[in-house]
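Descriptive analysis of the structure
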Amino acid sequence: MAKMDERLEKMAERYCEINDLMMQSDVVSDRKTMAKLGREQNELTPIVETYEEYKKAVDELEEAKVLSKEEDKEIREMAQMELEELEPKIQNYLDRLELLLVPKDPNDSHNAILEIRGAAGGDEGNIFAGDLFRMYSKYAEAKGWRTEVIEMEDSEAGGFSLVSFKVNGEGAYGTLKFESGSHRVQRVPKTESQGRIHTSTATVLCMPEVEAEDFDIDMNDLEIETMRSSGAGGQHVNKTDSAVRIVHKPTGIVVKCQDGRSQHENRATALMTIRARVYEERQRELDQKNDKERRTKIGTGDRAEKIRTYNYPQNRVTDHRIGYTVNQLDRIMDGRLDDLMAALQLADQQAKIAGEKE
């Protein structure tokens, strides 16, 4: 507990330091520094506030212990009642602090970039990729987040063979990061005349948007080319070389962007996306080297990992990593994901606490 107190005291000091810094005129005029300090302040606020409440309760407990030894019977009884009330209260604060002190991913507060691909099942897999895109779009809208399409490859039967998009919102990545993996759908396709249930899949990759100053990508490793845009997308399509394709030569990662209004806009979006993709690949390699980190995750984040099944005939959704099942598939597909996201975040925290105690 002494080690924990020491850590909390340092956090409380840093919190006060941030508050002072954010009052200084040179910091106030620096938008990036203010944003960075603001994020750090937001992360520390619940910890510092809970710690202050915990310390107050501990002081009250010590006071009650002294009063419980008084000669006056009435005072002793009142002190005893206070002790019985304060002990579970303090334990509750300790439990909350233990959760709050679980190491956080520094990218949790960032915007998210999601990439959905139709996988097994041909047309049905692509149609399901479209369903997942609508599900996440509705969820983002309900949270007050904004979505921007980066790349979209339509499928003739409906849906997408690929759709990638950015979700702009505080904590978007921290909420959506558990969505990476293979999503399996079980339902009767519209084209199925015999009424047989088919199983198809779509894969999701969720990445944090990474600032250039946080992750430097060597421009010499990139092959950048421009081309004519194709498909629907406005009057500029097929008239100018506005589409941008970037290849990261060391990893072979390819990003194409054509939905922006200009080549400049598409280039900026493609660079942002390739930085996120390369960063994600580096993180995956690091996780593989660090076995303990992998063991404390609720999933590997690998596209091949089957994470969830959407069973339409039974209106059921099951997340296989945490054993979460709910017979409300219609609500889930309508973007009402709060309960599922909360369950995944709780499971992740518990896995990290268990990993720290090993």
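Preceding this paragraph is the structure being described.
The paragraphs below set out a description of the structure included in this document. Small disclaimer: the values here were computed from a predicted structure and weren't measured.

Secondary structure summary: the chain contains 10 helices and 11 strands in total. Looking at the 358 residues of the chain, the share that counts as buried comes to 42%. Put simply, of all contacts in the chain between residues at least 6 apart along the chain, 61% involve residues at least 24 apart. For the chain, the exposed area adds up to about 19900 Å²; of that, 46% sits on carbon and sulfur atoms.

Once that is clear, we can look at a negative patch on the surface. On the surface, D59, E63, E82 and E85 cluster together into a negatively charged patch. Every element with two or more residues in the negative patch is listed here: α3 (31–67) and α4 (73–100).

It is worth spelling out α3 at this point. For an α-helix, the turn length of 3.6 residues means that residues three or four places apart are oriented alike. End to end, α3 covers 53 Å across 37 residues, agreeing with the expected 54 Å (1.5 Å per residue, within 8%). The principal kink in α3, of about 35°, is found at L44, preceding the proline P46 by one to four residues.

Further remarks concern the packing of aromatic side chains. Counted under the stated rule, the structure contains 5 aromatic pairs. Each ring, one from F133 and one from F160, has its centre 5.6 Å from the other, and the planes form 90°; the classification is edge-to-face. Placement of F133 in helix α5 (residues 123–143) and of F160 in strand β3 (residues 160–168) is noted, with a sequence separation of 27 residues between them. Of the two residues, F133 and F160, neither departs from the other in class, the shared state being buried. When the centroid spacing of 6.0 Å and the interplanar angle of 85° are considered together, the rings of Y139 and W145 count as edge-to-face. Both residues of the pair, Y139 and W145, count as buried. The ring of Y312 carries R187 above its face, with NZ or CZ at 4.7 Å from the centroid.

What follows is about the pairing of strand β4 (residues 181–187). Judged by how many residues are buried, β4 sits mostly within the fold: 6 of 7 residues are covered. Here β4 runs beside strand β5 (residues 198–208); their pairing, made up of 7 bridges, is antiparallel. When the sheet's bridge partners are listed, H183 is paired in β5 with A202. Strand direction decides the pairing type here: β4 and strand β9 (residues 306–311), joined by 5 bridges, are parallel. Bridged to V185 within β9 is Y310.

This next bit is on the sheet that holds strand β8 (residues 253–257). The sheet built from 3 strands is open, its strands ordered β6-β7-β8 with antiparallel pairing. Whereas interior strands pair on both sides, the edge strands pair on one side only; in this sheet they are β6 (222–227) and β8. Here the strands of the sheet are splayed against their neighbours by 15° on average, with no regard to which way each runs. Across 6 bridges, β6 lies against strand β7 (residues 243–248) in antiparallel orientation. Bridged to E223 within β7 is V247.

To continue, consider the sheet that holds β5. Strand order in this open sheet of 8 strands is β2-β3-β1-β5-β4-β9-β10-β11, and the pairing throughout is mixed. Looking at the sheet topology across the chains shown, the edges are occupied by β2 (146–154) and β11 (324–326). Each adjacent strand pair in this sheet contributes to an overall mean axis angle of 15°, direction not counted. Two elements, β9 and strand β10 (residues 316–319), share 4 bridges in a ladder whose sense is antiparallel. Pairing of Y310 across the sheet is with V317, part of β10. Its contacts with the sheet place α5 against β1 (112–118), β2, β3, β4, β5 and β9, and it is angled at close to 45° to β5.

A few words now on the pattern of salt bridges. Tallying each qualifying case throughout the model produces 23 salt bridges. The salt bridge partner of K55 is E52, with a shortest N-O separation of 3.7 Å. Pair noted here: K55 and E52 are both in helix α3, with a separation of 3 residues, about one helical turn. Overall, K55 belongs to the partly exposed group, its relative accessible area being 28%. A salt bridge links R308 to D319; the nearest nitrogen and oxygen atoms lie 3.1 Å apart. Placement of R308 in strand β9 and of D319 in strand β10 is noted, with a sequence separation of 11 residues between them. Of the two residues examined, R308 and D319, each falls in the buried class. In the salt-bridge network here, residues are joined through shared partners; they are E124, D131, R134 and R187.

As a further point, take α5. Given a rise of 1.5 Å per residue, 21 residues ought to cover 30 Å, and the 31 Å separating the end C-alpha atoms of α5 matches this to within 8%. Positive phi shows up at G144, right after α5, with a value of about 80°.

Rules of the game
- Residues numbered from 1 in each chain as written.
- Predicted model: local features only at pLDDT ≥ 70, side-chain atom pairs only at ≥ 80, totals over all residues.
- Heavy atoms only, no water.
- Helix = DSSP H or I, 4+ residues; strand = E, 2+ residues; numbered from the N terminus.
- Buried < 20%, exposed > 50% of the residue type's maximum accessible area, 1.4 Å probe, protein only.
- Contact = heavy atoms within 4.5 Å.
- Areas by Shrake-Rupley, 256 points an atom, 1.4 Å probe, with all protein chains shown as cover.
- Patch = residues over 30% accessible without salt bridge, like charges linked within 9 Å, V, L, I, M, F, W, Y side chains within 5 Å.
- Salt bridge = Lys/Arg side-chain N within 4 Å of Asp/Glu carboxyl O.
- Lys, Arg positive; Asp, Glu negative; His and termini not counted.
- Charge placed at Lys NZ, Arg CZ, Asp CG, Glu CD.
- Expected span 1.5 Å × (residues − 1).
- Bend = angle between axes of the 7 residues up to and from the residue.
- Phe/Tyr/Trp six-rings, centres within 6.5 Å; stacked < 30°, edge-to-face > 60°.
- Lys NZ or Arg CZ within 6 Å of the ring centre and 35° of its normal.
- Pairing = 2+ DSSP bridges.
- Axes fitted to C-alpha atoms, helices over the stretch in contact; angles between N-to-C directions.

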